[in-house]
2 protein chains.
Amino acid sequence: MKDKKETYDLIVETAYKMFAENGFDKTSLAMIAKGVGISKPAIYYYFDSKEKLIDFLFEEICKEIMIQSTITVDDLTVNNFEQFLLNFGFKMIEEQERDVYFNKIFNEYILLATRNDKYMTQLNKIQKSYFENFSMLMNYGVKIGVVNRDNVENKSNILVMVIDNIGNFILTGLELDYKGTWEEAVKSVLKGVRND
Amino acid sequence: MKDKKETYDLIVETAYKMFAENGFDKTSLAMIAKGVGISKPAIYYYFDSKEKLIDFLFEEICKEIMIQSTITVDDLTVNNFEQFLLNFGFKMIEEQERDVYFNKIFNEYILLATRNDKYMTQLNKIQKSYFENFSMLMNYGVKIGVVNRDNVENKSNILVMVIDNIGNFILTGLELDYKGTWEEAVKSVLKGVRND
DNA sequence: GTCTATAGTCTGATAGAC
DNA sequence: GTCTATCAGACTATAGAC
């Protein structure tokens with residue numbers, strides 16, 4: 001029982017890294033087995049098929065994203081709103097610069113989703129929650145008077161687009177002032193409030 | 001000679017669509033041959049290998065992007081600067097909504113590039129020219145007084161990030177007010193000029 | 001739980017006739 | 001130029017011993 005758990009985790013971790021580095025198609029079960037230090041058929045004891053292994057990893061990743069993208073609005077005030085937004089982005093940028101695997105494998109899943117509704121349904125849920133979180137945040141900003149009420153949804157969309165795409169550009173090795181760009185995006189969006 | 005040209009073009013067109021729809025690995029030469037209406041070995045008369053075919057399409061796509069992303073600043077004035085930026089984005093959004101193949105296959109190449117320097121070198125050139133074009137445009141905007149000179153590079157980056165990511169979101173079928181978001185991005189970036 | 005052995009399928013690529 | 005025939009190799013997955 002103890003050994004089962006350990007091998008299982010090793011398969012999951014190794015598959016995660018190898019799928020991220022080589023892609024799903026160019027990562028065979030034989031490669032994963034070799035990486036773990038077991039034989040190929042041993043993987044089938046834990047996962048019914050390669051596809052099931054891919055599906056399992058997708059669900060794990062989705063859960064993680066849902067947790068990370070959650071925003072709680074409770075402690076936000078006029079004084080810390082901008083700093084909160086800035087920190088949220090900075091934290092994401094730092095995480096994406098640190099963990100290359102995550103973005104690579106997630107892009108694999110996005111491409112998979114464009115060809116397979118099973119993944120697209122799940123992906124759309126994540127996107128929706130992402131946009132809703134930022135929308136909620138910006139509307140709260142309007143409420144406390146730090147965001148101009150005009151085109152709130154579009155302002156929210158801009159922030160999502162920028163922070164999401166920073167990850168993609170990091171992936172290509174492009175060295176840009178990402179934090180500066182995020183800061184400018186936040187400031188652009190918060191500009192123009194009438195204090196009357 | 002005439003027949004050669006026709007078959008050649010058919011292979012290129014069919015491969016383009018099939019690679020976009022199924023991905024490189026899940027599109028075999030047999031499938032392409034069947035789509036064209038020839039036998040598999042016939043493809044080898046035109047392309048030395050599957051990889052060479054993939055490389056050729058990549059170069060074609062790169063050329064097209066380089067042309068489309070080129071911006072000429074000559075006719076821009078204080079009066080038409082904002083409208084030019086808006087139209088540039090609107091045109092890109094419309095094209096991306098129309099041609100689904102282009103974005104799908106380009107994302108394939110981006111993933112390929114993260115695993116193969118041959119493609120990454122080319123991809124980085126495209127990105128560089130893209131950022132430079134927008135940077136040049138924004139600096140021209142500063143010069144004629146429609147863009148605030150503070151953080152010009154970051155403002156330019158925001159526009160690139162937004163317009164680039166709109167394509168990705170269209171790919172996932174997400175229905176958003178893309179044109180409105182672009183409009184808001186342009187206005188956010190152009191805001192705050194001091195007319196003194 | 002993990003192994004060896006292997007079935008069955010598909011792949012990219014080549015040889016050689018027409 | 002295009003074909004039929006065929007290759008070696010890699011793949012997922014399974015059977016059955018231990």
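The structure we're discussing is the one just above.
What counts, and where the lines are drawn
- Residues numbered from 1 in each chain as written.
- Chains lettered and ligands numbered in written order.
- Predicted model: local features only at pLDDT ≥ 70, side-chain atom pairs only at ≥ 80, totals over all residues.
- Heavy atoms only, no water.
- Helix = DSSP H or I, 4+ residues; strand = E, 2+ residues; numbered from the N terminus.
- Buried < 20%, exposed > 50% of the residue type's maximum accessible area, 1.4 Å probe, protein only.
- Contact = heavy atoms within 4.5 Å.
- Areas by Shrake-Rupley, 256 points an atom, 1.4 Å probe, with all protein chains shown as cover.
- Least-squares fit on C-alpha atoms with pLDDT ≥ 70 in both.
- Buried area = accessible area lost by both parts, 1.4 Å probe.
- Salt bridge = Lys/Arg side-chain N within 4 Å of Asp/Glu carboxyl O.
- Polar contact = N/O pair within 3.5 Å; in protein donor to acceptor, adjacent residues only side chain to side chain.
- Nonpolar A, V, L, I, M, F, W, Y, C, P; charged D, E, K, R; others polar.
- Expected span 1.5 Å × (residues − 1).

Novice: For this particular structure, what's the right way to read the overall build of chain A?
Specialist: Within chain A, the secondary structure is distributed over nine helices and zero strands. Its C-alpha atoms give chain A principal-axis dimensions of about 70 × 35 × 30 Å. Here chain A, with 196 residues, has 51% of them falling under the buried criterion. Within chain A, contacts between residues separated by at least 24 positions form 71% of all contacts whose residues are at least 6 apart in sequence. Here chain A displays about 10,100 Å² of accessible surface, and carbon together with sulfur accounts for 50% of that area.

Novice: Help me understand the relation of the copies chain A and chain B, please; the structure alone is not making it clear to me.
Specialist: Put simply, the two copies of the chain differ by a rotation about an axis and a shift along that axis. Once chain A has been moved 0.0 Å along the axis and rotated by 180°, it coincides with chain B to within an RMSD of 0.0 Å. Expressed as a symmetry operation, the mapping of one chain copy onto the other fits a two-fold axis. The overlap is high: 100% of the interface residues of chain A also sit at the interface in chain B, so the same surface is used on both sides.

Novice: I tried to follow the interface of chain A and chain B on my own but got confused; where do I start?
Specialist: Think of interface size as the accessible area that goes away when the parts come together; that is how it is often given. Each partner contributes to the interface: chain A provides 44 residues, whereas chain B provides 44 residues. Counting the surface lost from both chain A and chain B, the interface buries some 3,700 Å², and carbon and sulfur atoms represent 59% of this. Among the residues of chain A in contact with chain B, Arg115(A), Met161(A) and Thr172(A) are the three that bury the most area, contributing 17% of the side total. For the pair chain A and chain B, the interface holds four salt bridges. The salt bridge partner of Lys26(A) is Asp25(B), with a shortest N-O separation of 2.7 Å. For the pair chain A and chain B, the number of links is 24 residue pairs in polar contact (both at pLDDT 80 or more). Taken together, the elements giving at least two residues each to the side of chain A that touches chain B come down to α1 (2-22), α6 (100-113), α7 (117-144), α8 (152-171) and α9 (178-190) of chain A. Top element by residues in the side of chain A that touches chain B is α8(A). It accounts for 13 residues. For the side of chain A that touches chain B, the per-class residue count stands at 18 nonpolar, 15 polar and 11 charged.

Novice: Help me understand helix α9 (residues 178-190) of chain B in this model?
Specialist: Three or four residues apart is the spacing at which side chains of an α-helix point the same way, because the helix has 3.6 residues per turn. Taking 1.5 Å per residue, 13 residues should reach 18 Å; α9(B) reaches 18 Å between its end C-alpha atoms and fits that length. When you tally the buried positions in α9(B), you get 10 out of 13 residues, the bulk of the element. Of the positions making up α9(B), those classed as buried are Tyr178(B), Gly180(B), Thr181(B), Trp182(B), Glu184(B), Ala185(B), Val186(B), Ser188(B), Val189(B) and Leu190(B). At its buried positions, α9(B) is contacted by α8 and α9 of chain A together with α5 (81-98), α7 (117-143) and α8 (152-171) of chain B. The first or second residue beyond α9(B) is Gly192(B), which carries a positive phi of 80°.

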